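# What the coordinates show
One letter stands for each residue in the lines below.
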Amino acid sequence: MKTTIRLGLMALAAMSVAGIAAAQSINAAGASFPEFIYKKWFSDYKNAHAGVEINYQANGSGAGIKQLVAGTVDFGASDRPVTEAEMNEMKVKPIYFPTVLGGIVPAYNLPKVTTQLKFTGDVLANIFLGKITKWNDKALTALNPGVALPNEDIAVVHRSDGSGTTFVFTEYLAKVSDAWKNGPGVNQSPKWPTGSGQPQNDGVAGYVKQTPYSIGYLELTFILTNKGMQYGQVKNAAGSFINATVQSVTAAADGVKSFPVSITNASGAQAYPISTMTYLLIPSKFADARKRDAIKGFLSWMLKDGQGVAPSLNYAPLPKEVTSVELKQLAQVQ
């Protein structure tokens, strides 16, 4: 009897050791744009798959790519494509895995103004160029008739870090404003003509929330999780003023079947104009087979089950055409 008990205990101990050995810790870093859904996904996946823990640092797309180049993370996350120079620095080339779609909105703080403001791309460009400096500038009052805009200086805030959100925002401005295209241009860290810098979406959100008469640009979820924050509609390529919603961001990606791809200033009548895909940058080859399999397992789950969570956090799920391509390219991760 004692022998049987002892053998049983030994078996349990062996199983426990095996469980510990099977535990897999994965480190990732990058875009703050999808921070909310990534944290939700990584937590849900850990709960459903004991032993797999993905630790994510939302330090901006630029930082995530730098860490992937340096080999200090297992995968990166970015809202912008990797440059040719960055790709050449990587020992193992990454594969793009789109995760969700999102919208970047002009966020502002105007006390006593309760009507949602309307913006055009040209007006936004001129604000961030420092050409429009007052809230009651005629360009803004013409777009918002009947709104009592104050005679106050506009306090501009932008990202201080290398940011995929900034890349997408400046890409949009360059498409709609020659002055922006020929000035700061498309860049994750442009030379800003005016304004104050803050790190990550959280930093910009905090500045706008605390600073009357300010304006910045934020991923929509950061607005909706900070109650009372104001944000504007933006005129799209079809001439309509559009709110950023799951539906209008999805409309911007209509017909997309390959990636990375730009979906800013999309032509659809209901498309929100400052929309983007965000990506995980997965190395095409891993030295550690167990880590590779754990990451591939998460990617498969994310594409099949995780997409359903996106709308509850104000992200748009990927089109089926995109997820089907991604499921096939999982085989490329060796």
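About the criteria used
Residues numbered from 1 in each chain as written. Predicted model: local features only at pLDDT ≥ 70, side-chain atom pairs only at ≥ 80, totals over all residues. Heavy atoms only, no water. pLDDT = per-residue confidence, 0-100. Contact = heavy atoms within 4.5 Å. Salt bridge = Lys/Arg side-chain N within 4 Å of Asp/Glu carboxyl O. Helix = DSSP H or I, 4+ residues; strand = E, 2+ residues; numbered from the N terminus. Buried < 20%, exposed > 50% of the residue type's maximum accessible area, 1.4 Å probe, protein only. 1 Å grid on protein atoms, 1.4 Å probe; cavity = no way out; pocket = protein on both sides within 12 Å on 5 of 7 lines; lining within 4 Å. Points joined across faces, edges and corners; volume = space filled by probe spheres on them. Pairing = 2+ DSSP bridges. Phe/Tyr/Trp six-rings, centres within 6.5 Å; stacked < 30°, edge-to-face > 60°. Axes fitted to C-alpha atoms, helices over the stretch in contact; angles between N-to-C directions. Left-handed = near helix turned anticlockwise from the far one by under 90°. Nonpolar A, V, L, I, M, F, W, Y, C, P; charged D, E, K, R; others polar. Right-handed = clockwise from strand over helix to strand, strands pointing away.

Attention now moves to the confidence of the model for the protein chain. Of all residues in the protein chain, 93% attain a pLDDT of 70 or more, and the chain-wide mean is 92. Overall, residues 1-21 carries pLDDT values under 50, and its contacts beyond four positions in sequence, including any with other chains, amount to 1 contact.

Another aspect to go through is the pattern of salt bridges. When charged atoms on two side chains of opposite charge get close, those side chains can pair. In the structure shown here, the tally under the stated rule is 8 salt bridges. A salt bridge links lysine 291 to aspartate 74; its shortest N-O distance comes to 3.1 Å. Here aspartate 74 lies in the loop between helix H3 (61-70) and strand E3 (75-78) and lysine 291 lies in helix H12 (residues 289-304), a separation of 217 residues in the sequence. Under the relative-accessibility criterion, lysine 291 is labelled buried at 17%. By relative accessible area, aspartate 74 is classed as buried at 15%.

Attention now goes to the layout of surface pockets. By volume, the largest pocket amounts to about 300 Å³. If you trace the largest pocket, you find 16 residues lining it, with Leu68, Gly71, Val73, Val92 and Pro283 closest to the centre. The greatest single-element share of the lining of the largest pocket, amounting to 3 residues, is contributed by H3.

Further remarks concern the environment of leucine 299. Along the chain, leucine 299 turns up in helix H12. Note on leucine 299: relative accessible area 0%, which makes it buried. For leucine 299 and leucine 327, which are 28 residues apart along the polypeptide, the C-alpha to C-alpha distance reads 8.3 Å.

Turning our attention to the sheet that holds strand E10 (residues 233-235). The strand order across the open sheet built from 3 strands is E5-E10-E11, with neighbouring strands paired in mixed fashion. Edge positions in the open sheet fall to strand E5 (118-119) and strand E11 (241-242), since each of these has one partner strand only. Bridge count between E10 and E11: 2 bridges; the pairing is antiparallel. The residue bridging valine 234 from the neighbouring strand is isoleucine 242, located in E11.

Mapped onto the secondary structure, glycine 121 falls in helix H5 (residues 121-128). Residue contacts for glycine 121: discarding those within four places in its chain leaves Tyr172, Leu173 and Val176.

This part is about the packing of aromatic side chains. The tally for this structure, following the rule as stated, stands at 19 aromatic pairs. Through a chain of ring-to-ring contacts, three or more aromatic side chains come together here, namely Tyr38, Trp41, Phe42, Tyr45, Tyr56, Phe298 and Trp301.

Packing of H5 against helix H7 (residues 164-176) leaves a shortest axis separation of 9 Å and a crossing angle of 115°. Where H5 crosses over H7, the two elements pack in a sense that is left-handed. In contact with Gly121, Asp122, Leu124, Ala125 and Phe128 of H5, H7 contributes Phe169, Tyr172, Leu173 and Val176. Classifying every residue of the contact of H5 with H7 gives 7 nonpolar, 1 polar and 1 charged.

The next subject is the pairing of strand E1 (residues 24-30). With 5 of its 7 residues buried, E1 lies for the most part within the structure. Inspection of the sheet shows E1 paired to strand E2 (residues 52-57) by 6 bridges, in the parallel sense. Bridge pairing links isoleucine 26 to isoleucine 54 in E2. Note on the crossover from E1 through helix H2 (residues 35-48) to E2: the handedness is right-handed. Across 3 bridges, E1 lies against E3 in parallel orientation. Across the sheet, glycine 30 pairs through a bridge with alanine 77, a residue of E3.

Here phenylalanine 259 and proline 260 are connected by a cis peptide whose omega angle stands at 5°. Residue placement: proline 260 occurs in the loop between helix H11 (246-252) and strand E12 (275-283). Residue tyrosine 213 is not a glycine yet carries a positive backbone phi of 70°. Inspection of the secondary structure assignment puts tyrosine 213 in the loop between helix H9 (200-210) and strand E8 (214-219). With a phi angle near 55°, asparagine 265 is a residue other than glycine that sits in the positive phi range. One can find asparagine 265 in the loop between H11 and E12.

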